[in-house]
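The primary structure of each chain is shown beneath.
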Amino acid sequence: MKKSARLVAVAVMVAGATVAGSAVATAAGTGLRTVSGEGGNRIGVLKGNGDAYVKEGGLSATWVLESGNIKQVVLSGNRIGVLEDNGDAWVKEGGLSATWVLESTGVKQLALSGNRIGVLQGNGIAWVKEGGLSATWVKESANVDDLELSGARIGVVQGNGESYVKEGGLSATWVNQAGDVKEIRLSGNRIGVLKGDGSAWVKEGGLSAGWVDEAGNVIQLELSGNRIGVLKDSGDAYVKEGGLSATWVDEAGNVIQIALSGNRIGVLKDNGDAYAKEGSLSATWVLESSRVTELAFS
């Protein structure tokens with residue numbers, strides 16, 4: 001990260017959201033990651049050497065190197081977020097060459113959605129801010145393992161496996177969603193949870209809507225618009241489009257990560273090759289990059 005950006009950004013840090021001496025967790029694979037988007041035209045990849053690249057536009061657009069020593073890259077609209085190996089979370093707004101702003105330290109997960117930024121710190125406390133990059137942090141919950149943002153919704157999974165979602169302002173009331181949850185996913189008026197037994201469930205509508213059992217033997221669940229994607233423990237990636245009971249389409253095998261955004265689907269293969277397709281579920285795959293460890297969409 002550029003030292004000049006670091007010096008400028010430190011001045012806008014919020015002391016209450018920075019936990020001195022908190023442990024920085026090691027990267028956690030594709031679990032507990034915000035990798036899917038809401039129909040943007042940006043794609044990000046994290047390389048094996050820790051370099052983060054982002055492209056904007058078509059699937060064949062040119063990559064731009066954003067930063068090094070990175071363990072998570074997050075995209076939302078015209079914002080890019082990266083989490084450094086040392087636990088520093090940075091966000092930029094605007095073009096791909098915009099200036100970085102240091103948001104928080106001691107972070108183990110970063111989340112973005114619209115004008116909201118969320119961080120999960122090493123001590124399990126989740127913070128969210130709304131507005132500009134220098135907005136004030138609001139403490140959302142403690143004992144958190146997974147934090148997700150989508151529009152006016154915030155979701156968390158706590159250490160005991162209980163999942164909660166709130167809708168509206170940052171101080172809205174939490175609503176319990178389900179227990180025995182490993183990951184929670186949000187997109188529009190849909191909520192998805194991946195249970196400890198490998199079953200994936202999705203609901204649509206209000207926070208108290210009924211759950212629909214989508215698939216079993218799942219190791220990753222992703223939502224975007226009216227699409228649902230799952231990665232099975234066999235390495236097969238499936239996507240459905242439409243209602244919650246739509247038919248699954250087998251997209252690819254030998255997959256270790258899946259990502260969705262609007263009419264885009266991305267998969268990361270076990271050999272490190274990242275592919276994306278745009279259009280229908282049967283569209284043609286385009287090789288995006290090699291030696292990739294994480295793929296993210298806006």
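Residues numbered from 1 in each chain as written. Predicted model: local features only at pLDDT ≥ 70, side-chain atom pairs only at ≥ 80, totals over all residues. Heavy atoms only, no water.

Engineer: Which parts of the structure should I look at to understand the layout of surface pockets?
Structural biologist: The rolling of a water-molecule-sized probe over the atoms marks out the regions of remaining empty space. Of the volumes computed, that of the largest pocket is approximately 250 Å³. Only strand S4 (70–76), strand S8 (107–113), strand S12 (144–150), strand S16 (181–187) and strand S20 (218–224) provide two or more residues apiece to the lining of the largest pocket. For the lining of the largest pocket, the element with the highest residue contribution is S12, accounting for 3 residues. Class assignment for the residues of the lining of the largest pocket results in 6 nonpolar, 12 polar and 5 charged. (1 Å grid on protein atoms, 1.4 Å probe; cavity = no way out; pocket = protein on both sides within 12 Å on 5 of 7 lines; lining within 4 Å. Points joined across faces, edges and corners; volume = space filled by probe spheres on them. Helix = DSSP H or I, 4+ residues; strand = E, 2+ residues; numbered from the N terminus. Nonpolar A, V, L, I, M, F, W, Y, C, P; charged D, E, K, R; others polar.)

Engineer: Whenever I open this one, the sheet that holds S8 confuses me. Can you help?
Structural biologist: The strands that make up a sheet are held in pairs by hydrogen bonds between backbone atoms, and each pair lies either parallel or antiparallel. One open sheet accounts for 4 strands, arranged S8-S9-S10-S11; its pairing is antiparallel. Both edges of this open sheet fall to S8 and strand S11 (138–141), since each of them pairs with a single strand only. Taken over all neighbouring pairs, the strand axes of this sheet differ in orientation by 25° on average, direction set aside. (Pairing = 2+ DSSP bridges. Axes fitted to C-alpha atoms, helices over the stretch in contact; angles between N-to-C directions.)

Engineer: Looking at this structure, how should I read the pairing of S20?
Structural biologist: Of all 7 residues making up S20, 6 are buried, and the element is well covered by its neighbours. Of the pairings in the sheet, the one linking S20 to strand S21 (residues 227–232) comprises 6 bridges and is antiparallel in character. Its bridge partner being in S21, Val218 is matched across the sheet by Lys232. Hairpin connection from S20 to S21: 2 residues lie between these consecutive antiparallel strands, with Gly225 at a positive phi of about 60°. (Buried < 20%, exposed > 50% of the residue type's maximum accessible area, 1.4 Å probe, protein only.)

Engineer: Teacher, can you tell me more about the confidence of the model for the protein chain here?
Structural biologist: In regions of low pLDDT, the predicted coordinates are not meant to be interpreted in detail. Summarising the model, the protein chain shows a mean pLDDT of 91, and 89% of its residues fall at 70 or more. Every residue in residues 1–30 scores below 50 in pLDDT, and together they form 60 contacts with partners more than four places removed in sequence or on other chains. (pLDDT = per-residue confidence, 0-100. Contact = heavy atoms within 4.5 Å.)

Engineer: When you look at the nonpolar core in this model, what are you seeing that I'm missing?
Structural biologist: Burial of nonpolar side chains together is a common tendency in soluble globular proteins. If you look at the biggest cluster of nonpolar residues, it comprises 14 residues, and the most contacted ones within it are Ala89, Leu110, Ile117 and Val119. Of all the elements in the fold, those that place two or more residues in this core are strand S6 (89–93), S8 and strand S9 (116–121). Considering each element in turn, this core owes the most residues, 3 residues, to S8. The contacts of Leu110, once residues within four sequence positions are left out, are Thr34, Gln72, Val74, Gly81, Val82, Leu83, Ala89, Trp90, Ile117, Gly118 and Val119. Listed in part, the 13 residues of the second largest apolar core include Val54, Ile70, Trp90 and Leu102. (Core = buried A, V, L, I, M, F, W, Y, C linked by side-chain atoms within 4.5 Å.)

Engineer: Can you help me understand the sheet that holds S16 in this one?
Structural biologist: Pairing in this open sheet of 4 strands is antiparallel, and the strands run S16-S17-S18-S19 from one edge to the other. Only two strands of the sheet have a single partner each, and these edge strands are S16 and strand S19 (212–215). Each strand axis lies, on average, 25° off the axis of its neighbour in the sheet, ignoring direction. Here strand S18 (residues 200–204) runs beside S19; their pairing, made up of 3 bridges, is antiparallel. Considered in S19, the bridge of Ala200 is made with Ala215.

Engineer: Before we go on, may I ask you to explain unusual backbone geometry in this structure?
Structural biologist: Both trends apply: most residues other than glycine have a negative phi, and most peptide bonds are in trans. With a phi angle near 60°, Asn69 is a residue other than glycine that sits in the positive phi range. Structurally, Asn69 is set in the loop between strand S3 (64–67) and S4. The backbone of Asn143 sits at a positive phi, close to 60°, despite the residue not being glycine. As for its placement among the helices and strands, Asn143 is situated in the loop between S11 and S12. Judged by its relative accessible area of 47%, Asn143 falls in the partly exposed class.

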